[in-house]
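If you want the building blocks of each chain, they are given just below.
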Amino acid sequence: MSTGYDPSKPGLDEARLEAYRRLLISRLDLLNVALMRDRRTPVGEVTPEMVEIGDSETLWDIGTGGIRIRIRGGDETSPLDFESALTLGVNGCSGFRYTFYTHLAIYVHPDALASVSVRRQAEARERLLSRLSDWVTLGVCNYWNPETATGGLTVQLGTSILSVPPQTDALLESHVYRGYRDTPFRGFGGAELIPALHLIVQASIE
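No experiment lies behind these values; they were computed from the predicted model shown.

Observations concerning the environment of T154
By the secondary structure assignment, T154 is in strand β7 (residues 153–156). The exposure class assigned to T154 is partly exposed, which follows from its relative accessible area of 44%. Considered as a pair, T154 and L172 are 18 residues apart in the sequence and their alpha carbons are 4.7 Å apart. Not counting residues up to four positions away in its chain, the partners in contact with T154 are A170, L171 and L172.

As structure tokens, then:
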């Protein structure tokens, strides 16, 4: 049995999904400033309801917003979800080091930029994906402290599975490890091609 595991509470894997959802929602103000600083990416405000756990294949109603941000573990494009390694253990922890790869899929509805002229549609899509990528990478995850020369974000999980209470578990050195532009199929019968951004966030806990 793993140290501190309680089946009546979320484990590390489940807790990290909710932790990243809370983190992204807490920084939506930065994203909305970037999206609304000019008229080149007119998709409207991104709200907390548009940040979801899990990746549905259905196409959502454009009336509920032009963007969807979805959080999941390994997927078909990069199935690695986590790695573990035995360590000496620190601060009374269990002696395991887990490295999680959390996948963020950000989708743009096909009608999200309908107000943009056909001549500017391609540019608007590309700028929008770039602003979304910059927000997650520079505005949320890839933190660097020049004073301590350390990087990566600390993401609190609120669990005490590897840590000894009153300490709580935290994902360390969280950063965007890899990013892709994509055009996946969504909607009924997979009939709709939609612009998308796929970012992989790496973080470790021990």
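Looking at the nonpolar core
Counting residues in each nonpolar core, the largest one holds 45 residues, and the members touching the most others are I67 and I69. Contributing elements (two or more residues each) for this core: α1 (12–26), α2 (28–35), β2 (67–72), β4 (96–108), α3 (121–141), β7, β8 (170–182) and β11 (196–205). Here the element with the most residues in this core is α3; it accounts for eight residues. Contact partners of I69, with chain neighbours within four places excluded, come to L24, L28, L31, V46, M50, V51, E52, A105, I106 and W135. Counting residues in each nonpolar core, the second largest holds five residues, with W60, A105, I194 and A196 among its members.

Notes on the side chain of T159
By the element assignment, T159 lies in the loop between β7 and β8. Classification of T159 as buried rests on a relative accessible area of 10%. Side-chain polar atoms of T159 contact the side chain of D169, separated by 2.6 Å. Once residues lying within four places of it in the same chain are set aside, the contact partners of T159 are P10, G11, L12, A15, T168 and D169.

A look at α1
Here α1 spans 21 Å end to end across 15 residues, near enough to the 21 Å set by a 1.5 Å rise per residue. If you check which residues of α1 are buried, you get L12, A15, R16, L17, A19, Y20, L23 and L24.

Details of the pairing of β7
Across the two faces of β7 the burial differs, with L153 and V155 buried and T154 and Q156 not buried at all. Note that β7 and β8 share three bridges and pair antiparallel. Directly across from Q156, in β8, lies its bridge partner A170.

Reading the values: rules and limits
Residues numbered from 1 in each chain as written. Predicted model: local features only at pLDDT ≥ 70, side-chain atom pairs only at ≥ 80, totals over all residues. Heavy atoms only, no water. Helix = DSSP H or I, 4+ residues; strand = E, 2+ residues; numbered from the N terminus. Buried < 20%, exposed > 50% of the residue type's maximum accessible area, 1.4 Å probe, protein only. Contact = heavy atoms within 4.5 Å. Core = buried A, V, L, I, M, F, W, Y, C linked by side-chain atoms within 4.5 Å. Polar contact = N/O pair within 3.5 Å; in protein donor to acceptor, adjacent residues only side chain to side chain. Expected span 1.5 Å × (residues − 1). Pairing = 2+ DSSP bridges.

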